[in-house]
Amino acid sequence: MNFQLFGTIALATSLIGCATPQTRMPTVDKVSSLNEANKQRELVVEDYVTTHKRLQAVASKVMVSGAELCNEKVSPFFGIHVWNEDNFQKEWRTAVNTKYGLTGQVHVSTVSSGSVSDIAGIKEGDIIQSVNDWLPPYGKDGPSKFDEKLAELGKSGIPDLPSSASFSSNLL
């Protein structure tokens, strides 16, 4: 009797064990894993850019409205920020290129509303081709050299951007 009861319990337990769901680790191939990693990087880059734009919108208003407090320490504010793919570490460049089309050229990242650059018609995504016949360098130094050039031009007054800046539209 005990043997039959034990056998029945053992059989019932083994059948219940077969009927319950089992959790197994999914198998993910390398290509799917890399694709997912790239998608996640794109989301992070998108969040970074959105945050950067919000910060620049606030910062430009503070800079312009506080200019009278700085007296002679004020320099022209063009309201343009530039970047290129070299502003990002190598593992992020695919995501940046895919999401924003960045290359080694100098691209416009943000334009402050109402600024000289905005009035001149410069838009986010434009590629800076030249400023007063000066060509911005391709690659890592491009954005910083562009900023230096604008600062240099600003010392002699605000240049007439519509006629002195050349840019091409790069639709994203």
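Everything that follows concerns the structure shown earlier in this document.
Residues numbered from 1 in each chain as written. Predicted model: local features only at pLDDT ≥ 70, side-chain atom pairs only at ≥ 80, totals over all residues. Heavy atoms only, no water.

A look at the side chain of Lys149
Phase 1: As for its position among the elements, Lys149 is in helix 5 (residues 142-155).
Phase 2: Residue Lys149 is classed as buried on the basis of its relative accessible area, which comes to 16%.
Phase 3: Lys149 has contacts with Val131 and Trp134, leaving out every residue within four places of it along the chain. (Helix = DSSP H or I, 4+ residues; strand = E, 2+ residues; numbered from the N terminus. Buried < 20%, exposed > 50% of the residue type's maximum accessible area, 1.4 Å probe, protein only. Contact = heavy atoms within 4.5 Å.)

What about the nonpolar core?
Phase 1: Formed by 13 residues in total, the largest nonpolar core has its most connected members in Ile80, Val82, Val108, Ile122, Ile128, Phe146 and Leu150.
Phase 2: Ranked by size, the runner-up nonpolar core spans 8 residues in total, among them Val45, Val49, Val96 and Leu102. (Core = buried A, V, L, I, M, F, W, Y, C linked by side-chain atoms within 4.5 Å.)

Here's the deal with the packing of aromatic side chains
In this description, an aromatic ring pair is defined by two values, namely the gap between the centres and the angle between the planes.
Phase 1: Scanning the model with the defined rule gives 3 aromatic pairs in all.
Phase 2: With 6.1 Å between their ring centres and 85° between their planes, Tyr48 and Phe88 make a pair best called edge-to-face. Of this pair, Tyr48 sits in helix 2 (residues 30-65) while Phe88 is found in the loop between strand 1 (80-83) and helix 3 (93-100), placing the two residues 40 residues apart along the sequence.
Phase 3: Accessibility expressed as a relative area gives 46% for Tyr48, which makes it partly exposed.
Phase 4: Judged by centre distance (5.7 Å) and plane angle (55°), the ring pair of Trp83 and Tyr100 falls under tilted. In this pair, Trp83 sits in strand 1 while Tyr100 sits in helix 3, placing the two residues 17 residues apart along the sequence.
Phase 5: Relative accessible area serves as the criterion here: at 12%, Tyr100 is assigned to the buried category. (Phe/Tyr/Trp six-rings, centres within 6.5 Å; stacked < 30°, edge-to-face > 60°.)

Re the pattern of salt bridges
Phase 1: Evaluated as defined, the whole model comprises 5 salt bridges.
Phase 2: Among the salt bridges present, the one from Lys99 reaches Glu46, with a minimum N-O distance of 3.6 Å. Of this pair, Lys99 sits in helix 3 while Glu46 sits in helix 2, placing them 53 residues apart in sequence.
Phase 3: The salt bridge partner of Lys53 is Glu124, with a shortest N-O separation of 2.8 Å. (Salt bridge = Lys/Arg side-chain N within 4 Å of Asp/Glu carboxyl O.)

A look at unusual backbone geometry
Leaving glycine out, the prevailing phi sign among residues is negative, and the prevailing peptide bond configuration is trans.
Phase 1: Positioned with a positive phi, Asn132 is a non-glycine residue whose angle comes to about 50°.
Phase 2: Turning to its location among the elements, Asn132 is positioned in the loop between strand 3 (127-131) and helix 5.

Comments concerning the pairing of strand 2 (residues 107-111)
Phase 1: Of all 5 residues in strand 2, 5 are buried; the element is thus mostly enclosed.
Phase 2: The pairing of strand 1 with strand 2 spans 4 bridges and is classified as antiparallel. Along strand 2, the bridge assignment pairs Val82 with Val108. (Pairing = 2+ DSSP bridges.)

Structural notes on helix 5
Phase 1: Compared with an ideal rise of 1.5 Å per residue, which puts 14 residues at 20 Å, helix 5 spans 20 Å between its outermost C-alpha atoms and is within 8% of the ideal.
Phase 2: What helix 5 keeps buried is the set Gly142, Pro143, Phe146, Lys149, Leu150, Leu153 and Gly154. The buried residues of helix 5 all sit within an arc of 140° when viewed along its axis, so they share a single face.
Phase 3: Along its buried surface, helix 5 packs onto strand 1 and strand 3. (Expected span 1.5 Å × (residues − 1). Arc of directions from axis to C-beta.)

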